[in-house]
Amino acid sequence: MGGWADGRTGGLYLLTAAFLTAWPPVRLTAQVAPNRATAYLHPTDVRDARALWVNPAGLALVREASVYAELAVADPGAHGRLRQVNAGFNSSGLSFGYQRDIFDGGRRGHTYRLGIAGGSEGLAGGLAVTRYRGDTKGTSWDLGLAYVWTPGLTVGGVISNIGQPVVRGFEQRLTFIPGATWRPLGPAAALSAHALITPDSVLEYAFGVAWWSVGGGGGGGGGGRGGAQAGGTARLPISVFARLDTDGGLRRGAFAIGFAIGGADRVGAVISTPGNVSGVDAASLYGLSTRAPGRRRR
């Protein structure tokens, strides 16, 4: 991995300044919902464009270019309703994402996020600025860190909601999200955990497990690099993943389970249920394409 690119950093600073100047931040209500990726990924197991929403440091753990798109439906079935459309890209640590939320009563929420990340020798850091749009406006910042301690262990964390904007009538609390991913069987499986901690309490814990066929490579929820890049032999890599969310007292709050098919180009589906698994709250379908930087021709 390369170091910080001065030209790219300077360019992003100018772009961010214009972004915020055009829409001055105010602490008012806005329509927004959590990005769907935060329901099934962990801050230490995603290294593609979705890391922009989960942990911006993940954008630089692997040098790659990636694009993705995801559709989320609430109460899937006969009464299902499209609730969120989001998409984004990453180019070696420079990233942009867009999220559109569809609420009852015809209301719409728009979220824009810019991110930059860089690192060296397994240590990466990232910054993301989020702009909320809808009936009103708001802005927040996230800082992320990730470190590949050993080939089988990645640790990291995020400080999110810096600026504590008021969104949908609620102040978004400053939150620290430490986490770790352990791969006891090498690249074939991963165990992940993280916590959401505010200055006065532990909001929740999350625990996840992922497995992928030889050649699938990567991280939980298809978070890592695909089979074509990992050098495996499987013609059709398949990954499965599951996550349990609890409250601060370790009482079950929600489940998420999904699968993905493909390597560098893949599609995946995820469903979410309440803690008692009494039904399906949400389902989503995503597509992701990743590419490693090409070699320069002499």
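In this text, all values refer to a predicted model and were calculated from it rather than measured experimentally.

Caption draft 1: Just a nonpolar patch on the surface, in detail. A grouping of Trp211, Leu236, Ile238, Val240, Phe259, Ile261 and Val267 is seen on the molecular surface, where their side chains present a nonpolar patch of about 610 Å² in accessible area. Elements represented by at least two residues in the nonpolar patch include exactly β13 (238–247) and β14 (252–262). When you line up the elements, isoleucine 261 lands in strand β14.

Caption draft 2: The side chain of arginine 50, seen in detail. Topologically, arginine 50 is positioned in the loop between α1 (6–22) and α2 (51–54). Here tyrosine 40 takes part through its side chain, which lies 3.4 Å from a polar atom of the side chain of arginine 50.

Caption draft 3: Region of interest: the packing of aromatic side chains. The tally for this structure, following the rule as stated, stands at four aromatic pairs. Between tyrosine 40 and tyrosine 286, the aromatic rings sit 6.1 Å apart at their centres with planes inclined by 15 degrees, giving stacked as the arrangement. Taken together, the positions of tyrosine 40 in the loop between α1 and α2 and tyrosine 286 in strand β16 (residues 282–291) put the pair 246 residues apart, joining distant regions of the chain. With respect to burial, tyrosine 40 and tyrosine 286 carry one shared label: buried. Sitting above the plane of the tyrosine 286 ring, arginine 50 keeps its charged end 4.8 Å from the centroid.

How each quantity is defined
- Residues numbered from 1 in each chain as written.
- Predicted model: local features only at pLDDT ≥ 70, side-chain atom pairs only at ≥ 80, totals over all residues.
- Heavy atoms only, no water.
- Patch = residues over 30% accessible without salt bridge, like charges linked within 9 Å, V, L, I, M, F, W, Y side chains within 5 Å.
- Areas by Shrake-Rupley, 256 points an atom, 1.4 Å probe, with all protein chains shown as cover.
- Salt bridge = Lys/Arg side-chain N within 4 Å of Asp/Glu carboxyl O.
- Helix = DSSP H or I, 4+ residues; strand = E, 2+ residues; numbered from the N terminus.
- Polar contact = N/O pair within 3.5 Å; in protein donor to acceptor, adjacent residues only side chain to side chain.
- Phe/Tyr/Trp six-rings, centres within 6.5 Å; stacked < 30°, edge-to-face > 60°.
- Buried < 20%, exposed > 50% of the residue type's maximum accessible area, 1.4 Å probe, protein only.
- Lys NZ or Arg CZ within 6 Å of the ring centre and 35° of its normal.

Distances and angles like these do not, on their own, reveal function.
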